[in-house]
Each structure stands twice: as C-alpha cells, then as structure tokens.
Amino acid sequence: MKKAIILLAASFLAFGCSTTNSVERAEPTAQKQVVNDKRIISDGALSGYASVVAVNESRVSGGLLKVQVELFNRTPSRRTFNYKFEWMAPDGMQVEGATSTWTLLVLEGRESRFVSAVAPNASVNDFRLKLL
C-alpha cells in the first residue's frame, strides 16, 4: 500500500511539472525594431502571471503593418490566456480585421512565446494588444 502511494505521488510530480527549455544564439544577429509601449494594467491578477516582454513591428509586402509581441508566463505552472489585436487608422478610428477576435494561448510554466498579427489594410498605422 505504501509503495503504491509513493508511486502515485511520483507520477503526479512527473506529469505535474511542465516547463519549457529553449536554446538560442548567445549573440543574436537579428535586429528588432522594438516599439516603446505604454501598458495599462486593469487586472492585477493577470499582470501577476502574464508579462509582455517586448513589442516588435515591421512592414510586410503591400505596406501592411506587422506586430510581434513576446508574452511570458511568470508562473511555474501552465496558464491559459486570451489575446487580440486592435488596429487603428491615422484618424484614430478602429479598423476591424481577422485578428480582432479573441485567440486562446496556452503557455507552460516560465515559457515565452511570440504572437503576431498583420494589419487588415495598409492605412493602419497603430495597434493595441489586449490580454484577458
């Protein structure tokens, strides 16, 4: 009986730990165009486990704005997030696009992942990322 309990506890520990290891260049050669961002925190609990590491942008074919955001799970356990991009025209009006809907993202403990989106048209010059 004692042996069965120990084996059961060991299996929970083995399957309960889900972190991600990664490898990258010690001296990266890619040059990011980092965006200075302003963060508005309305959910203190969310900011306790979800972190925006960096925001990067570029223009792709047709002059469309592409945004890439690195998100980081600050906790040691798996977390589920929802995110969406909102796009803005030069006049400040919101422009709807395919990435203007909530998307589910699961991050393992201490994992970071890049999420990206491309603006719906070339007139878009700004964006907002929302996390839920």
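Our subject in this report is the structure included herewith. Given the structure is predicted, the values throughout are model-derived calculations rather than measurements.

**Considering the nonpolar core**
Argument step 1. Judged by nonpolar contacts, the single largest core of 22 residues is most densely connected at V67, V69, F85 and W87.
Argument step 2. Elements with a contribution of two residues or more to this core: β1 (50-60), β2 (64-73), β3 (79-88), β5 (103-107) and β6 (112-118).
Argument step 3. Excluding residues within four positions of it along the chain, F85 makes contact with V67, V69, T99, S100, V115, S116, A117, F127, R128 and L129.

**Details of the pairing of β2**
Argument step 1. Pairing of β1 with β2 involves 10 bridges; the strand directions are antiparallel. Across the sheet, residue A50 finds its bridge partner in β2, namely N73.
Argument step 2. The antiparallel hairpin formed by β1 and β2 contains three residues in its connecting segment, where G62 sits at a positive phi of about 80°.
Argument step 3. By the bridge criterion, seven bridges tie β2 to β6 in an arrangement that is antiparallel. The partner of Q68 across the bridge, within β6, is S116.

**Here we look at unusual backbone geometry**
Argument step 1. Phi is positive for R110, which is not a glycine, with a value near 60°.
Argument step 2. The topology assignment puts R110 in the loop between β5 and β6.

**Let's talk about the sheet that holds β2**
Argument step 1. Spatially, β1-β2-β6 is the arrangement adopted by the three strands of the open sheet, whose pairing is antiparallel. Looking along the sheet, the strands with just one partner apiece sit at the ends: β1 and β6. The mean angle between the axes of side-by-side strands here comes to 20°, regardless of whether they run parallel or antiparallel.

**Topic: the environment of R59**
Argument step 1. Tracing the backbone through its elements, the reader meets R59 in strand β1.
Argument step 2. Its relative accessible area of 45% is what places R59 among the partly exposed residues.
Argument step 3. If sequence neighbours within four positions are ignored, R59 has contacts with L64, L65, A122, V124 and N125.
Argument step 4. Here the side chain of R59 touches G63 through a polar contact of 2.8 Å, landing on its backbone oxygen.
Argument step 5. A polar contact is formed between the side chain of R59 and the backbone oxygen of V124, at a distance of 3.5 Å.

**Digging into the layout of surface pockets**
Argument step 1. By volume, the largest pocket is sized at about 860 Å³.
Argument step 2. Lining the largest pocket are 23 residues, with K38, R39, I40, R128 and L129 positioned closest to its centre.
Argument step 3. Those elements that provide at least two residues to the lining of the largest pocket are α2 (44-49), β1 and β7 (126-131).
Argument step 4. Ranked by residues supplied to the lining of the largest pocket, first place goes to β7 with six residues.
Argument step 5. Per-class residue counts for the lining of the largest pocket are 12 nonpolar, four polar and seven charged.

Conventions adopted
Residues numbered from 1 in each chain as written. Predicted model: local features only at pLDDT ≥ 70, side-chain atom pairs only at ≥ 80, totals over all residues. Heavy atoms only, no water. Core = buried A, V, L, I, M, F, W, Y, C linked by side-chain atoms within 4.5 Å. Buried < 20%, exposed > 50% of the residue type's maximum accessible area, 1.4 Å probe, protein only. Helix = DSSP H or I, 4+ residues; strand = E, 2+ residues; numbered from the N terminus. Contact = heavy atoms within 4.5 Å. Pairing = 2+ DSSP bridges. Axes fitted to C-alpha atoms, helices over the stretch in contact; angles between N-to-C directions. Polar contact = N/O pair within 3.5 Å; in protein donor to acceptor, adjacent residues only side chain to side chain. 1 Å grid on protein atoms, 1.4 Å probe; cavity = no way out; pocket = protein on both sides within 12 Å on 5 of 7 lines; lining within 4 Å. Points joined across faces, edges and corners; volume = space filled by probe spheres on them. Nonpolar A, V, L, I, M, F, W, Y, C, P; charged D, E, K, R; others polar.

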